[in-house]
Amino acid sequence: MLDKTYEPAAVEGRRYSLWEASGAFAADPGSAKPPFTIMMPPPNVTGSLHMGHALTFTLQDILIRFERMRGRDALWQPGTDHAGIATEIVVEKRLAEEGTSKRALGREAFLERVWRWREESGGAITRQLRRLGASADWRRERFTLDPGLAAAVRRVFVSLYREGLIYRDKRLVNWDPVLHTVISDLEVEPREAKGSLWHIRYPIVGLAGRFITVATTRPETMLGDTAVAVHPEDPRWQRLIGEKALLPLSDRAIPIIADPFADPKAGSGAVKITPAHDFADFEVARRHGLPFINIFDADARLNESAPAAYRGLDRFEARRRVVADLEKIGLLEKVEDHALLLPHHARSGVVVEPWLTDQWFCDAATLAGPAIAAVESGQTEFVPRQWENTFFEWLRHIEPWCISRQLWWGHRIPAWYAPDGAVFVAEREREAREEAAHRYGKEVPLRQEEDVLDTWFSSALWPFSTLGWPQETPELARYYPGDVLVTGFDIIFFWVARMMMMGLKFEGEVPFRKVYIHALVRDEAGRKMSKSRGNIIDPLKLIDRYGCDALRFTLAALSVPGRDVKLSESRVEGYRNFATKLWNAARYAAMNACRPAPGFDPRSLSLTLNRWIIGAFSECAAQVTASLEGFRFDEAAGALYHFLWGRFCDWYLEFTKPLLQRGEDRAAAETRAATGFVLAGILHLLHPIMPFITEEIWDTLKGEGEGMLIGRPWPQPGPGLFDPSAAEEIEWVIAAISAIRAVRAELHVPPAARVPLFLKDAEESASLRLQGARELFSRLARVDGFERAARVPEGGVQAVVPGLTLVLSLGGVVDLAREKARLAKEIERIEGAVARIGEKLSNPQFISKAKAEVVEEEREKLAEAIGDRERLKSAYHRLAAV
């Protein structure tokens, strides 16, 4: 027998251990079942479960459990990412607490410390994923620095290098001047800041008294200017195109060039070009063959390329000095306050510097071509489809990919340098030495590249490296390509596109057939969660308070395609109540000996009530199946919620009470079997979303020899279970009782009050239905009498249902005049709210300035207010007719 209340904390750990120990999560390469594969996006080994993780891994687990129950050999390939920068930061903080540092230890000793940290603390995220119910094949767990994956990384790097697709080059990169490494665009976090816009006058060479004014937020970078650009059609500056300007403080002449990058409507229309310290300027310089002058060193201090007066200064101190010097010589025209977005490294918090430096690059444009073609031809499909446009936009304008990082933790680049600078790229040092000896005719000392590869490089190989590539393994043959990738839109470029490139390049096939892109999880007001706002919701705390199933169901129910998830704790609490409803339904079934009966045939039922619930269940099963197949998690959750709560619990179980109280007659036996059948079916349908509570209930409901729910087949009720006549009859009874309840609620009839019911204009079929369900009406609507009436009696309030007008005699129960006045006042109040919101939404300025989520929230408020108004008007009109 189930306990009186469901206690998630007492169930979840125990159930998960049983699943994992039984091998329920394991894929089987030797199985005859059709395979189904999802590659888990590897969370950082430093990570802790956040709400974004909770969403993406819940959706993946729903799909895996669903397909596993549908008879597929399901592989959910788990693993973690070594997270180069994040991990180094964690370990360096520990070293600082011990009074030492990364550099003091040296490379080998530092790496030993990182590996030790990983063994001690690196498993936190996978333990937390288990708390979320993730049914991944943990026996196959991979780490991006595992020996097998490292071998795959070296093979890919060497292959691409030998094809000329990996090379060394000097280009602009995002540089962290504190950590001394390149970072990816994804790690750059724009932060709002109050700055200044300095307008600086550059003298025109040979034209005394003539100047061209440029505006900049970074005056210190002018020391690296190599041109001034104006729009070729800007009449103000056309005469100066081809002339030279004298760079203030440097006494260096730079050309005035024509380029459409200059915006005639912005400031003076002239812009300074600093190719070594601005990404847009870098492209302008390449178009015009301008020189690149790098004025910063790795610490973002001014170097020997700057005038002597500024060398060695920090970039911000140099800014103050440059501005002061410009003012002294009269070339600072004006200064304006200016709000701007400053690029910060999301992890270190340092202002990122665009810096010209030698790095390793990958020719992403060449690799992108087949990936674009694969999506265009439908080999890989994005869901929702509009994300394909984002994919195309990024890949059609892709730049060379900087793949080197100045770190120690990661895949060290397999390149070795000879004393004369020649580079030898090979999978193993022995091979590089053999190549060098062959070139020089003798052995020469070689020095391995210090840099490691961008973490995204190894992650790009995840779909096939985890399956044993470059070896031809049974797993690779069976589980590649994957069926679906589930991820957020923010890494379409950084991860999805690169997996497409590498999969097509090295396996000749796309790595996944579908890419499901889910939205972001925001707070209930639609704001992004952040520490600074104090609105971060911790999924583990929600699990502690409400149980894992409640959180999972919430995330599924809110996963509407194209709309961010607005999460609040009250939502999770509400779905905890849904779990309680299921638990209580199962207890009711157990107390009344309702369980699946051996040999039960749902097509042989005689009672209308039972035929109705079986038909409703079959419709629910079909809808849930179709919704999960189409990645409509919200619709699947909605169908289950409305069926379990709105049909099975609120109506069917209530209707069964008099039948089950009769004892052991045939009707009771049939009802017990039907109840057990439907409850078992509900558990099956709910299991992918709410695995813990469903498995716990199933353990008390299952028959002898039946295994755990996680391994049970998916419900397939089949055709012929829906009985239209039974559905029409029971739905009529539900509608009639609901109509009576609505009148009682609208007019504030005391819940315990019993009200006389009169029947007016009754058709024969409706009258028969009501008489057949008289006990249900009396018990569930708290009405008596059931007398026929030719006219509405005094104090009677009407509710119309098909074939019948129900008249509630309320004169002796409710002060109708007072209720009418109350309703009029409430309608007036809501009319005001509707008018205010409507006026706001019809204001073009509000629509143009407000965020999309704010506009959507106002529209939802308007729809809710209009619904309330119409409901109250309906009640008012009922009273007006009295």
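Our subject is the structure listed above.
Residues numbered from 1 in each chain as written. Predicted model: local features only at pLDDT ≥ 70, side-chain atom pairs only at ≥ 80, totals over all residues. Heavy atoms only, no water.

## A few points about the overall build of the chain
- In terms of helices and strands, the chain carries 29 helices and 29 strands.
- C-alpha atoms of the chain, sized along the principal axes, occupy 110 × 65 × 55 Å.
- Per-residue burial over the chain gives 54% buried out of 882 residues.
- Taking contacts inside the chain between residues at least 6 apart in sequence as the whole, the part at least 24 apart equals 77%.
- Carbon and sulfur atoms provide 50% of the accessible area of the chain, an area that totals close to 38,600 Å².
- Averaging the positions of the 115 positive and the 122 negative side-chain charges in the chain gives two centres separated by 3 Å. (Helix = DSSP H or I, 4+ residues; strand = E, 2+ residues; numbered from the N terminus. Buried < 20%, exposed > 50% of the residue type's maximum accessible area, 1.4 Å probe, protein only. Contact = heavy atoms within 4.5 Å. Areas by Shrake-Rupley, 256 points an atom, 1.4 Å probe, with all protein chains shown as cover. Lys, Arg positive; Asp, Glu negative; His and termini not counted. Charge placed at Lys NZ, Arg CZ, Asp CG, Glu CD.)

## Re the layout of surface pockets
- Estimates place the volume of the second largest pocket at around 800 Å³.
- With 5 residues, the top contributor of residues to the lining of the second largest pocket is strand β7 (residues 188–203).
- In terms of residue class, the lining of the second largest pocket is made up of 15 nonpolar, 7 polar and 9 charged. (1 Å grid on protein atoms, 1.4 Å probe; cavity = no way out; pocket = protein on both sides within 12 Å on 5 of 7 lines; lining within 4 Å. Points joined across faces, edges and corners; volume = space filled by probe spheres on them. Nonpolar A, V, L, I, M, F, W, Y, C, P; charged D, E, K, R; others polar.)

## Observations concerning the pattern of salt bridges
- Overall, the coordinates contain 71 salt bridges when judged by the stated rule.
- Two residues, E67 and R70, come together in a salt bridge whose shortest N-O distance is 3.3 Å.
- Here R70 falls in the partly exposed class, since its relative accessible area comes to 33%.
- Here R72 and D483 are joined by a salt bridge, their closest N and O atoms 3.4 Å apart. (Salt bridge = Lys/Arg side-chain N within 4 Å of Asp/Glu carboxyl O.)

## Regarding the environment of E399
- Residue placement: E399 occurs in the loop between α11 (387–396) and β16 (401–402).
- With 109 residues separating them along the chain, E399 and G508 place their C-alpha atoms 23 Å apart.

## Comments concerning helix α6 (residues 124–131)
- Those residues of α6 lying buried are A124, I125, T126, Q128 and L129.
- As for α6, its buried residues are in contact with α2 (51–69), β3 (79–80), α5 (107–121) and α17 (539–546).

## Thoughts on the environment of R315
- Mapping R315 onto the fold places it in helix α9 (residues 315–328).
- In this structure the C-alpha to C-alpha distance between R315 and A24, which are 291 residues apart in sequence, comes to 58 Å.
- Among residues more than four places away in sequence, those in contact with R315 are P177, E220, F296, A300, L302, V350, V351, V352 and E353.
- Among the polar contacts made by the side chain of R315, one reaches the main-chain carbonyl oxygen of V351 at a distance of 2.8 Å.
- Within the structure, R315 has its side chain in polar contact with the side chain of E353 (distance 2.9 Å). (Polar contact = N/O pair within 3.5 Å; in protein donor to acceptor, adjacent residues only side chain to side chain.)

## A look at the packing of aromatic side chains
- As enumerated under the stated definition, the model contains 41 aromatic pairs in all.
- Measuring from centroid to centroid gives 5.5 Å for Y516 and F631, while their planes differ by 20°, and the two rings are stacked. Separated by 115 residues along the polypeptide, Y516 in strand β23 (residues 512–518) and F631 in the loop between α20 (608–629) and α21 (633–660) bring together distant segments of the chain. Here Y516 matches F631 in class, with each residue buried.
- Here the aromatic rings of F600 and F677 are separated by 5.2 Å at their centres, their planes lie at 45°, and the arrangement is tilted. Remark: F677 occurs in helix α22 (residues 666–686) and F600 occurs in the loop between α19 (569–591) and α20; sequence separation between them is 77 residues.
- Relative accessible area serves as the criterion here: at 24%, F677 is assigned to the partly exposed category.
- Pairwise contacts between aromatic rings join F157, Y161, W360, W401 and F457 into one cluster.
- Positioned above the aromatic ring of W138 is the side chain of R130, whose terminal nitrogen or guanidinium carbon lies 4.2 Å from the ring centre. (Phe/Tyr/Trp six-rings, centres within 6.5 Å; stacked < 30°, edge-to-face > 60°. Lys NZ or Arg CZ within 6 Å of the ring centre and 35° of its normal.)

## Structural notes on the nonpolar core
- W612, F648, F655 and F777 are the most contacted members of the largest nonpolar core, which totals 156 residues.
- Examining the composition of this core, we find that 15 residues originate from one element, α21, more than from any other.
- In this view, F655 contacts L609, I730, V733, I734, I737, L776, R779 and L780; residues no more than four positions away in its chain are not counted.
- The next biggest cluster of nonpolar side chains, apart from the first, holds 62 residues, and it includes L75, F382, F392 and I491. (Core = buried A, V, L, I, M, F, W, Y, C linked by side-chain atoms within 4.5 Å.)

## Side note on the sheet that holds strand β27 (residues 783–788)
- Read from one edge of the open sheet, 4 strands run β27-β26-β29-β28, paired in mixed fashion. Two strands lie at the open edges of the sheet, namely β27 and β28 (796–801), each paired on one side alone. Geometrically, the sheet is characterised by an average inter-axis angle of 25° between neighbouring strands, direction not taken into account.
- Alignment of strand β26 (residues 755–760) against β27, held across 5 bridges, turns out to be parallel. Opposite F758, over in β27, you have E787 as the bridge partner.
- Contacts from helix α24 (residues 724–746) reach β26, β27, β28 and β29 (804–809), with the element oriented near 150° to β28. (Pairing = 2+ DSSP bridges. Axes fitted to C-alpha atoms, helices over the stretch in contact; angles between N-to-C directions.)

## Regarding unusual backbone geometry
- Along the chain, W469 connects to P470 via a cis peptide bond; the corresponding omega equals 15°.
- With respect to the helices and strands, the residue P470 is situated in the loop between α14 (462–465) and α15 (474–479).
- Cis geometry marks the peptide bond from Y480 to P481, where omega comes out at 0°.
- You can see P481 is positioned in the loop between α15 and β22 (482–488).
- If you check the backbone angles, L249 has positive phi at about 70° while not being a glycine.
- Along the polypeptide, L249 turns up in the loop between β10 (244–247) and β11 (252–258).
- Here H748, not a glycine, exhibits a phi torsion of approximately 60°, which is positive.
- For H748, the location among the structural elements is in the loop between α24 and β26.

## Let's talk about the side chain of T671
- Here T671 shows up in helix α22.
- Residue class for T671 comes out buried when judged on its relative accessible area of 0%.
- Excluding residues that lie within four positions of it along the chain, T671 makes contacts with L607, N610, Y652, T656, L659 and L660.

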